[in-house]
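Secondary and tertiary structure notes
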Amino acid sequence: MALKNAQKRYLRGLTHSLNPVVMVAERGLAPTVLNEVDIALKHHELIKVRISVADREARDALIAELLQRSGAELIHKIGHVVSIYRRNADEPRIDLP
């Protein structure tokens, strides 16, 4: 689902009060990390992920892989923290404008 700019702006506003629920370290996207991301997205739809990789290109590649493998959309990226969103098809929790 491609989000419109107004929807992304709304979701960005919701992320201000969130804390990162998943941490990705130097080992990258292990199956356990992807499982935790999937569980968090099913439960919350909108989450923050902290990516603790020093190299900017490696971090961007990791973010791209995370989005591709989780089926989520990038909402916001500041430094080492990204906000991602994936709508829950069964029970949507966030009403988008």
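Below is a short write-up of the structure.

Spatially, four strands are ordered β1-β2-β4-β3 in an open sheet, and the strand pairing comes out mixed. Sheet topology places β1 (20-24) and β3 (73-78) at the edges, where each strand pairs with a single neighbour. If you compare each strand with its neighbour and ignore which way they point, the axes differ by 30° on average. Alignment of β1 against strand β2 (residues 46-51), held across four bridges, turns out to be parallel.

Turning our attention to the nonpolar core. Core analysis: the largest hydrophobic core is formed by 20 residues, its most contacted members being V49, I51 and I84. Listed by contribution, the elements that provide at least two residues to this core are β1, α2 (31-44), β2, α3 (56-70) and β4 (81-85). Looking at this core, the element that brings in the most residues is α2, giving five residues. Excluding residues within four positions of it along the chain, I51 makes contact with V24, R59, L62, I63, H80 and V82. In this structure, L3, L46, Y85 and L96 belong to the second largest nonpolar core, which totals seven residues.

This part takes up the packing of α2 against α3. Look at α2 against α3: their axes get within 11 Å of each other, and the N-to-C directions meet at 60°. Judged on the interaxial angle alone, α3 and α2 are oblique. You can see that α2 and α3 cross each other, and the crossing is right-handed. Touching L34, V37 and L41 of α2 are L66, R69 and S70, all from α3. Split by residue class, the contact of α2 with α3 holds four nonpolar, one polar and one charged.

Reading the values: the criteria
- Residues numbered from 1 in each chain as written.
- Predicted model: local features only at pLDDT ≥ 70, side-chain atom pairs only at ≥ 80, totals over all residues.
- Heavy atoms only, no water.
- Pairing = 2+ DSSP bridges.
- Helix = DSSP H or I, 4+ residues; strand = E, 2+ residues; numbered from the N terminus.
- Axes fitted to C-alpha atoms, helices over the stretch in contact; angles between N-to-C directions.
- Core = buried A, V, L, I, M, F, W, Y, C linked by side-chain atoms within 4.5 Å.
- Buried < 20%, exposed > 50% of the residue type's maximum accessible area, 1.4 Å probe, protein only.
- Contact = heavy atoms within 4.5 Å.
- Parallel < 35°, antiparallel > 145°, perpendicular 65-115°, else oblique.
- Left-handed = near helix turned anticlockwise from the far one by under 90°.
- Nonpolar A, V, L, I, M, F, W, Y, C, P; charged D, E, K, R; others polar.

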